[in-house]
Amino acid sequence: MMLENLTAAPLNVGHLTLNNRLIHVATVGNYGKNGLPTEKQAAYYRRRAEGGVGLIVTEGFSVHPSSQPNPSVVHCYDPKAKQGMERIANVCHDFGVPILMQLWHVGRQQLWGPVGSPWGVSSLPDALSGVVPHVMTEREIQEIEQAFVEAAVTAQQCGFDGVELHGAHGYLITQFLSPWTNKRADHYGDRLYFLKTILQRIRKACGKDFAIAIKLSGSEFVQGGLDVQDTKSIVDDITSDGLVDLISINQGNFSLSLEKHVPDMHYPQAPFRDIIAQVRTAANGVPVAGIGRITDQTTANQLLKDGICDLIGMARGLISDPDLPRKWTGLSEEPVRNCISCNVCWGTIHSGKEMLCIQNSEVGSEETFVYTKASHPKTIHVIGGGPAGMEAAWVAASRGHKVTLWEKEAFLGGQVRVLADLSGLQGYGDIIRYQQNQLSRYGVEVVCGREIGTQELAQMSNATVIVATGSVPQRYPQVLAPLNPVYPKQLNSLRTKSPAKVFVFDESGNYHAYGPLVELAQLGWSAVLITTRTELGMGLDYLSRIGLHRRLRQHSVEVLTGFDVAEVTDSEVILRDVFIGETRSLDRPNAVVWAGAREANDDLWRNEKIQFLPLRPIGDAYSPRNILSAIHEGNRIGRTV
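Below you will find a few notes about this structure.

What counts, and at which threshold
Residues numbered from 1 in each chain as written. Predicted model: local features only at pLDDT ≥ 70, side-chain atom pairs only at ≥ 80, totals over all residues. Heavy atoms only, no water. 1 Å grid on protein atoms, 1.4 Å probe; cavity = no way out; pocket = protein on both sides within 12 Å on 5 of 7 lines; lining within 4 Å. Points joined across faces, edges and corners; volume = space filled by probe spheres on them. Helix = DSSP H or I, 4+ residues; strand = E, 2+ residues; numbered from the N terminus. Nonpolar A, V, L, I, M, F, W, Y, C, P; charged D, E, K, R; others polar. Patch = residues over 30% accessible without salt bridge, like charges linked within 9 Å, V, L, I, M, F, W, Y side chains within 5 Å. Areas by Shrake-Rupley, 256 points an atom, 1.4 Å probe, with all protein chains shown as cover. Salt bridge = Lys/Arg side-chain N within 4 Å of Asp/Glu carboxyl O. Core = buried A, V, L, I, M, F, W, Y, C linked by side-chain atoms within 4.5 Å. Buried < 20%, exposed > 50% of the residue type's maximum accessible area, 1.4 Å probe, protein only. Contact = heavy atoms within 4.5 Å. Pairing = 2+ DSSP bridges. Right-handed = clockwise from strand over helix to strand, strands pointing away. Axes fitted to C-alpha atoms, helices over the stretch in contact; angles between N-to-C directions.

### Details of the layout of surface pockets
By volume, the second largest pocket amounts to about 480 Å³. Arg47, Asp323, Glu334, Arg337 and Tyr371 are, among the 24 residues lining the second largest pocket, the residues nearest its centre. Elements represented by at least two residues in the lining of the second largest pocket include exactly helix H1 (39–50), helix H10 (324–328), helix H12 (387–398) and helix H14 (429–441). Ranked by residue count, the leading element in the lining of the second largest pocket is H14, at 3 residues. Along the lines of polarity and charge, the residues of the lining of the second largest pocket split into 7 nonpolar, 5 polar and 12 charged.

In structure tokens, the structure reads:
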């Protein structure tokens, strides 16, 4: 039986009435500049409001100069920021969407200030950076309390409908709330005192017609940290006093539990629903938003139906598709571009770059991004049905061009399909499904199982030809030849064999190595990972690297970094330490997987016989990179051809 569409139901949050149950939760975009809001930042929020979300919470805005998460974060205490903050509130209100400003102090988790001294609650080091903070005096704590209140007043003056205090993920408020971090002997050793003081003073300063929300970690998932019982007690206290209008529950802090803050595709939908449900029982009727990989509409409706939460909080789902609320609530029949929980967005943010999405090329370019109808429709042939070719084909067709997509294999998808066939990485299949849907929707003629050569290309001289033939693996080192290595695409040849000993050589730093490695280990193979690199997962975001290490340990995978192969004998593989040259011998394995660099499959477009044609190579056919580059390049040429 189909569930009632509860995501479309309105809900009161304090004095606000939300049009639906979907919240854009705070996520840093790195679109600010020198502590000030920008038009790019406003355009990002405007686009989410246009998509029909029920409520927007901004990324965290710093409340005090002692909190400097990174140079792009807005300083809401700076008078020069007021005009830009007003602009952000106004563009959301233009679409009837209320907006809360998230008030943020990072405390000891100041990862971007190599010279500054972070302020903290106790002298314990930050779990991620190892930095030991300056322990705040009582006067300094009172200064921060006042800064939160002044920031809330500023938000109200700038037209925001309320504020959310960031009390999750190990930031300053969490540092007061958690027994893991609060070791104070003064009255701030009462772990609720700091938070309640701020909430009481904001309510007094801003009145009842101003929403106050708080984001909390349901559990920190560290020994001695906040667990769900602690969080229930906190929530019961602050809701009993009527201090807050909305509770948002996420997980983790900046320890290894950071992985749980933004669960990737290895996690199921709503993996922390039980924690969220327990917290809601203590909320005294105050609405609770559940956060954490809720990107499927059926799951979202079930959570609401079962009383797990009152609202669905998401950022990644709305990054991937800002129109998701209109689609989920029945206002649009277009397909949803499902977030695949790859965490590319989080990875770009925390490497100091502006946020990007692996699928949605519009992210970060909302000011200027448009699909315009072609003034002179063309006949276009796209050669290659991987992510770049599929994206180019459907986007060009959406603009009115007549497009044919040619793929030599029996199926579309290219390297994305290779990943989607691996255990734990099936989420990549949503990229293929969305692109195939768009190809059908816009009338692209798709021809699979047909390889296009120079003779066929010569017959396309009156058309525009986009070459997206992808890339192929560079050959493994000759020294490995006696072991007959297979490439990731050939993993099926090992899936049917009896588990034995396998070496996986990783020179890619991404899931082309780790996907086969983990799957074989799950199947019972005794797996050894060997790489010349000093670290694993350099092609993954930090959160996903935590999960990778966890899975390798769970399956007893031996990891050897800093080694290459010196020699293969009848009984041994002799490794060489790349730093000091010493050798180490391992018993010869039963199978080997080589995951290394790739090279452009460019023979077609470089052929001298067809240089008279206006060929446009894109994606890996131009230069082997990653899925994000392929899709974005395909989208760009589709919009401009």
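There is more to say after this.
### A word on a nonpolar patch on the surface
A contiguous nonpolar patch, built from Val578, Phe579 and Ile580 and spanning about 310 Å² of accessible area, is present on the exposed surface. Within the secondary structure, Ile580 is located in the loop between strand E22 (572–577) and strand E23 (583–587).

### As for the nonpolar core
One finds Leu165, Phe194 and Leu195 to be the most contacted residues of the largest nonpolar core, which totals 100 residues. Ranked by the residues each element gives to this core, the list is headed by helix H3 (residues 138–157), at 8 residues. The residues contacting Leu195, other than those within four sequence positions of it, are Leu165, Ile173, Leu177, Ile214, Ile234 and Ile238.

### Description of the pairing of strand E19 (residues 526–531)
In terms of burial, E19 is a largely internal element, 5 of the 6 residues being buried. Here strand E18 (residues 501–506) runs beside E19; their pairing, made up of 5 bridges, is parallel. Bridge pairing links Phe505 to Ile530 in E19. Viewed along the sheet, the connection from E18 through helix H17 (residues 511–522) into E19 turns out right-handed.

### Let's talk about empty space enclosed by the protein
Scanning the model with the defined rule gives 6 cavities of 30 Å³ or more in all. Within this model, the largest cavity holds a volume of roughly 540 Å³. As for the largest cavity, its lining consists of 37 residues, and the residues nearest its centre are Ala26, Thr27, His261, Val262 and Trp346. Looking at the lining of the largest cavity residue by residue, the classes come out as 20 nonpolar, 14 polar and 3 charged. A volume near 90 Å³ is recorded for the second largest cavity. Lining the second largest cavity are 14 residues, and of these Cys339, Cys342, Cys345, Cys357 and Ile358 sit closest to its centre. Those elements giving two or more residues to the lining of the second largest cavity turn out to be helix H9 (316–320) and helix H11 (344–349). The element best represented in the lining of the second largest cavity is H9, accounting for 3 residues.

### What to know about the pattern of salt bridges
Evaluation of the coordinates by the stated rule reveals 24 salt bridges. A salt bridge links Arg47 to Glu50; the shortest N-O distance between them is 3.6 Å. Residue Arg47 and its partner Glu50 are both found in helix H1; the two are separated by 3 residues, about one turn of the helix. Note on Arg47: relative accessible area 13%, which makes it buried. Residue Glu50 is classed as partly exposed on the basis of its relative accessible area, which comes to 34%. Salt-bridge contacts for Glu366 lead to Arg48; the nearest nitrogen and oxygen are separated by 2.8 Å. Remark: Arg48 occurs in helix H1 and Glu366 occurs in the loop between H11 and strand E13 (379–383); sequence separation between them is 318 residues. Note on accessibility: Glu366 and Arg48 belong to one class, buried.

### Structural notes on the sheet that holds strand E12 (residues 311–314)
Overall, parallel pairing links the 8 strands, which are arranged E3-E4-E5-E8-E9-E10-E11-E12 in a closed barrel. For this sheet, the mean inter-axis angle between neighbouring strands, taken without regard to orientation, is 25 degrees. Relative to E12, strand E11 (residues 288–291) runs parallel, the two sharing 3 bridges. When the bridges of E12 are listed, Ile291 appears paired with Gly313. Packed on one face of the sheet, H3 meets strand E5 (99–104) and strand E8 (162–167) and runs near 160 degrees to E5. Contacts from helix H6 (residues 228–240) reach strand E9 (211–217) and strand E10 (246–250) within the one sheet, and its direction differs from that of E9 by about 170 degrees.

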